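So you can see what is in the structure, the chains are spelled out below.
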Amino acid sequence: MIDEPIKKMIMADHDDLIIPANLVANVMVKNDCYHAFLVLTKVGYSKVPVLDNDQHLCGLVSLSMITEYMLDTDHVASENLRRLTVADVMQTDFRSIEDPTDLEEIMHLLINDNFVPVVSDEKTFMGIITRRELLKRVNYLAHNFSAQYDVSPRLNSVKSNGNC
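Computed from a predicted model, the values in this text were never measured in an experiment.

Asks: Looking at this model, I keep getting lost on the sheet that holds strand β3 (residues 47-51). Mind explaining?
Replies: Note on sheets: strands pair through backbone hydrogen bonds, and any given pair is parallel or antiparallel. Pairing is mixed across the open sheet formed by three strands, whose spatial order is β2-β3-β4. Both outer strands of the open sheet, β2 (27-28) and β4 (57-62), are each paired with one neighbouring strand and no more. Two strands pair when backbone bridges link them, and β3 and β4 are joined in this way by five bridges, in the antiparallel orientation. By the bridge assignment, valine 50 is partnered in β4 with glycine 59.

Right, here's the structure in full:
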């Protein structure tokens, strides 16, 4: 369990921790892989959310997922990008969160991924929380904790004089 003062400082203005859906690069599940390839190349992200027409989060797609389908035994088959849809190549086994205030879960998920998608209880895509934004808050905490809280080391409850 995360100590309450630490959680309070990291999660202050927790709404600002979420990058809203309208600011997050994404692709649609029915887009062809050529379109997704262009989006990923232009935005410079390694992975983006995949949405349906109702803005539900369906999966995640990355350049490596797409390029895997481009590689043939003896050449790069870029024509495959036009015939495959994002749904054909996307990752469907991923974690998302509904509660953007659950710091422990957010931290756990960001250990292995650059971002965690935030969804409503109806699975509507709300945005993402990035490892970068969380680390900025941890950096703030590391530099400002003692300015907001009195911190002193605990004394051992039993002092040892060397005798048993």
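Structure shown, so let's carry the discussion forward.
Asks: Which parts of the structure should I look at to understand the UniProt feature "domain: CBS" (unreviewed entry) in the protein?
Replies: Following the UniProt record, one finds the feature "domain: CBS" (unreviewed entry) at residues 35-71 and 86-138. Secondary structure content for residues 35-71 is 46% helix and 30% strand, while the C-alpha to C-alpha distance between its ends is 17 Å.

Asks: Help me understand the sheet that holds strand β1 (residues 19-20), please; the structure alone is not making it clear to me.
Replies: Pairing is antiparallel in the open sheet, where three strands are placed in the order β1-β6-β5. Strands with a single pairing partner mark the edges of an open sheet, and in this sheet they are β1 and β5 (115-119). Bridge analysis of β1 against strand β6 (residues 125-130) gives two bridges, and the strand direction is antiparallel. In the sheet register, proline 20 faces β6, and the bridge partner there is glycine 127.

Asks: Explanation requested: the pattern of salt bridges in the structure shown.
Replies: Pairs can form between side chains of opposite charge once their charged atoms are near each other. Scanning all chains against the criterion turns up four salt bridges. A salt bridge links glutamate 105 to arginine 95, with the nearest nitrogen and oxygen atoms 2.4 Å apart. Note that glutamate 105 is positioned in helix α6 (residues 103-110) and arginine 95 in the loop between α5 (86-89) and α6, a separation of ten residues in sequence. Two residues, lysine 136 and glutamate 133, come together in a salt bridge whose shortest N-O distance is 3.0 Å. Of this pair, lysine 136 and glutamate 133 both sit in helix α7 (residues 131-148), separated by three residues, roughly a single helical turn. The exposure class assigned to glutamate 133 is buried, which follows from its relative accessible area of 18%. When salt bridges that share partners are traced, they join Arg132, Glu133 and Lys136 into one network.

Asks: Would you mind going over the packing of aromatic side chains with me for this structure?
Replies: Each aromatic ring pair is characterised by the separation of its centres together with the angle its planes make. This model, assessed by the stated rule, comprises one aromatic pair. With 4.9 Å between their ring centres and 20 degrees between their planes, phenylalanine 145 and tyrosine 149 make a pair best called stacked. Judged by relative accessible area, phenylalanine 145 falls into the partly exposed class, the value being 22%. Taking the relative accessible area as the measure of exposure, tyrosine 149 reaches 23% and is therefore partly exposed. Geometry around tyrosine 34 places arginine 82 over its ring, the cationic atom sitting 3.7 Å from the centre.

Asks: Explain the layout of surface pockets to me, please; I cannot follow it from the model alone.
Replies: It is the rolling of a water-molecule-sized probe over the atoms that shows where space remains empty. In this structure, the largest pocket spans a volume of roughly 230 Å³. Elements with a contribution of two residues or more to the lining of the largest pocket: β3 and β6. Here the lining of the largest pocket gets three residues from one element, more than from any other, and that element is β3. In this structure, the second largest pocket occupies an estimated 190 Å³ of space.

Asks: Could you clarify how one ought to interpret the state of the cysteines in this entry?
Replies: In protein structure, a disulfide is the covalent linkage between the sulfur atoms of two cysteines. A full pass over the atoms with the stated rule returns zero disulfides. Of the cysteine sulfurs around cysteine 33, a residue in no disulfide, the closest is that of cysteine 58, at 14 Å. By relative accessible area, cysteine 58 is classed as partly exposed at 23%.

Asks: Sorry if this is basic, but what is going on with the pairing of β4 here?
Replies: Put simply, side chains in a regular strand alternate between the two faces of the sheet. Most of β4 is tucked away: five of the six residues are buried. Between β3 and β4, which pair antiparallel one after the other, the connecting turn spans five residues, and glutamine 55 there sits at a positive phi close to 70 degrees.

What counts and what doesn't
- Residues numbered from 1 in each chain as written.
- Predicted model: local features only at pLDDT ≥ 70, side-chain atom pairs only at ≥ 80, totals over all residues.
- Heavy atoms only, no water.
- Pairing = 2+ DSSP bridges.
- Helix = DSSP H or I, 4+ residues; strand = E, 2+ residues; numbered from the N terminus.
- UniProt positions renumbered as here; feature names shortened; annotations may be inferred.
- Salt bridge = Lys/Arg side-chain N within 4 Å of Asp/Glu carboxyl O.
- Buried < 20%, exposed > 50% of the residue type's maximum accessible area, 1.4 Å probe, protein only.
- Phe/Tyr/Trp six-rings, centres within 6.5 Å; stacked < 30°, edge-to-face > 60°.
- Lys NZ or Arg CZ within 6 Å of the ring centre and 35° of its normal.
- 1 Å grid on protein atoms, 1.4 Å probe; cavity = no way out; pocket = protein on both sides within 12 Å on 5 of 7 lines; lining within 4 Å.
- Points joined across faces, edges and corners; volume = space filled by probe spheres on them.
- Disulfide = S-S within 2.5 Å.

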